[in-house]
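Structural features, examined
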Amino acid sequence: MSDIAYTPLDALPKIYNTLRATFRSRATRPIPWRQHQLLQVARMVQDNQKLFVKAIHNDLGRPELETCTFEIMPVIERSLIAATCLPEWAKPDVKGNLFDSHHASWNPKVYSAPKGVALVIAPWNFPMILSLQPLIAAISAGCCCVVKVSEFAPHYGGLLSEIFPKYMDQSAYQVVFGAVPEVTSLLEMKWDHIFYTGNGKVGRVISAAAAKHLTPITLELGGKSPIILDPSYDIEVAARRILFGKCVNAGQICVCPDYLIVPTGGNPEILPRVVEAFKAAHKTFYPDGAPLKSESFAHIVSRSHYLRLCDLLGRTKGSIVFGGGTDEGILKIEPTVLTGISADDALMEGEIFGPVLPIMEVDTVEDACEFIESRDHPLVLYAFTENEDRKTMIRENTTSGNLVYNDTLIQLAVHELPFGGVGESGHGRQITRYGFETFSYMRASIDMPLGNEPFLTPRYPPYTQEHINILNPGLLGKIPDSTPTLGLAN
């Protein structure tokens, strides 16, 4: 790959105008055309997978297995799913079983229409899936799209900028590679949808820019995704699954399990068992005891992020039970587990976004739920329990974008589930059909038959009481009985 410069600022208006003209030409509307572009995404990734693995390794030190499993394969699969399912997704929704059967003759339908020209702003941590997955959604919906890739993943951004034009129709889809000036310039333009993945601070800036044009926006933000560990669960299995989630990409993933809550009920034997289980899992992951040298463990993306994590470890009042080793030369921090964490600890200030797991101790599962609900709503809540009543209690007493029982990260593998946050963790949904719906708007349609004119005459002036009664037969109808406990009584 040759060195790729940032997209020139003076090129951005030209790119925008090209995409706007293409959308107005309706070239992106035909289903076969969209299907071809979707399959071109799959071909681009499949043909160049070794180059992508190398580029992402250069940016993040990430192992090939993680890049193939969490980025390359999902992009290929979701491109194929979208191309295959698009005719069904795009079918008009003909409304039947209407509340008022007289409306059936009006031919009520809902069409999925493309919003227009979209902007995707992707982050550095999973640069492929978080740039191309929204693009797949935009293509599916019939939109044109600019994909702005992160300057903090320069090898990926450079590679994508170089090969993208070889596969994708440049009149409809383009990559912009750059930093703050490029994003600032893009946000001055009027887009029909903006899809941003990143942190809440930048999300607010993008939301404010979008609001000036009344542009709808999807925010995938993250936050502190907690884990509740029921002590009656298999603690060894839980520790292995949690540590896996914490170590993938060195914890630099928006759905990373951020902190662990263990309801010990005052039993002093539980927490030591949990700690020993994590130590055992760590030993199986890194049998030579040297994760800093392991090819199965990524590095922190930049020196500034590395120093931020080191600062947290320096300020925490928790006790490190294992890990804590660092190497600034290679930007690596060992998987680190700490106990003795309080709600006001440095590690609880914000999303950790690194391989550091603080463990909090509470009395009951109910206390854990209350603590989680007292904070910003997380992108994901993880809970390890086999007890169905506790699963129900956790679900009904917490709020999160996603809820996963007895594993971590696995929700990302299911193509049929929506993914997204709530509150501070974002809004909007993506993945396959949900992404298609995000970049579409629902266009309702009525087709009134000419023969219905006799039935419409009561709506025309001059108005009479008879007309009111004909048009509104339910004004004095009986409303069914109900109670707070039974709801609709009948």
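Before reading on, note that the structure itself is shown above.
In this report, we go over the structure that sits alongside the text.

Definitions and cut-offs
Residues numbered from 1 in each chain as written. Predicted model: local features only at pLDDT ≥ 70, side-chain atom pairs only at ≥ 80, totals over all residues. Heavy atoms only, no water. Helix = DSSP H or I, 4+ residues; strand = E, 2+ residues; numbered from the N terminus. Contact = heavy atoms within 4.5 Å. Areas by Shrake-Rupley, 256 points an atom, 1.4 Å probe, with all protein chains shown as cover. Buried < 20%, exposed > 50% of the residue type's maximum accessible area, 1.4 Å probe, protein only. Core = buried A, V, L, I, M, F, W, Y, C linked by side-chain atoms within 4.5 Å. Patch = residues over 30% accessible without salt bridge, like charges linked within 9 Å, V, L, I, M, F, W, Y side chains within 5 Å. Salt bridge = Lys/Arg side-chain N within 4 Å of Asp/Glu carboxyl O. Pairing = 2+ DSSP bridges. Phe/Tyr/Trp six-rings, centres within 6.5 Å; stacked < 30°, edge-to-face > 60°. Lys NZ or Arg CZ within 6 Å of the ring centre and 35° of its normal. Axes fitted to C-alpha atoms, helices over the stretch in contact; angles between N-to-C directions.

This part covers the overall build of the protein. Counting its secondary structure elements, the protein contains 16 helices and 20 strands. The long-range fraction of contacts in the protein, counting pairs at least 24 apart against all pairs at least 6 apart in sequence, stands at 72%. On the protein, roughly 22,600 Å² of surface is accessible, and the fraction owed to carbon and sulfur atoms is 56%.

This next bit is on unusual backbone geometry. Residue P462 follows P461 across a cis peptide bond; omega there is 0 degrees. If you check the backbone angles, F353 has positive phi at about 55 degrees while not being a glycine. Checked against the element boundaries, F353 lands in the loop between strand 13 (336-339) and strand 14 (356-362). On the accessibility criterion, F353 (16% relative accessible area) is buried.

Within the largest apolar cluster, 144 residues are counted, with the highest numbers of intra-cluster contacts made by L260 and F278. Per-element accounting of this core gives the leading share, 9 residues, to helix 5 (residues 129-141). Sequence-distant contacts of F278, defined by excluding residues within four places in its chain, comprise A239, I242, L243, L260, F322, V337, L357 and I359.

There is a patch of nonpolar side chains on the surface, built from I468, L475 and L476 and spanning about 360 Å² of accessible area. One can find I468 in helix 16 (residues 465-471).

The subject of this paragraph is the pairing of strand 13. Of the two faces of strand 13, the one holding T336 and L338 and the one holding V337 and T339 are both buried throughout. Note: strand 10 (residues 319-322) against strand 13, 3 bridges, orientation antiparallel. Pairing of S319 across the sheet is with T339, part of strand 13. Direction of pairing for strand 13 relative to strand 14: parallel, over a ladder of 3 bridges.

Counting across every chain of the model gives 13 aromatic pairs. Between Y233 and F384 the ring centres are 5.6 Å apart and the planes differ by 70 degrees, which places this aromatic pair in the edge-to-face class. Here the residue Y233 occupies a position in the loop between strand 8 (225-229) and helix 9 (235-247), and F384 occupies one in strand 15 (residues 380-384), the gap between them amounting to 151 residues. Taking relative accessible area as the criterion, Y233 reaches 9% and is therefore assigned buried. The exposure class assigned to F384 is buried, which follows from its relative accessible area of 1%. Among the aromatic residues, those joined into a ring-pair cluster are F70, F126 and F244. The ring centre of Y405 lies 5.5 Å from the NZ or CZ of K391, which sits over that ring.

Quick look at the sheet that holds strand 16 (residues 402-405) now. Pairing in this open sheet of 7 strands is mixed, and the strands run 10-13-14-9-8-15-16 from one edge to the other. Unpaired on one side and paired on the other, strand 10 and strand 16 mark the two borders of the sheet. Direction aside, neighbouring strands of the sheet carry axes that sit 25 degrees apart on average. The sheet contact formed by strand 8 and strand 15 spans 3 bridges and is parallel. For I228, the partnering residue across the bridge sits in strand 15 and is A383. Docked against the sheet, helix 12 (residues 365-373) engages strand 8, strand 9 (257-263), strand 14 and strand 15, running at close to 145 degrees with respect to strand 9.

Keep in mind that these numbers describe shape and distance, not what the molecule does.
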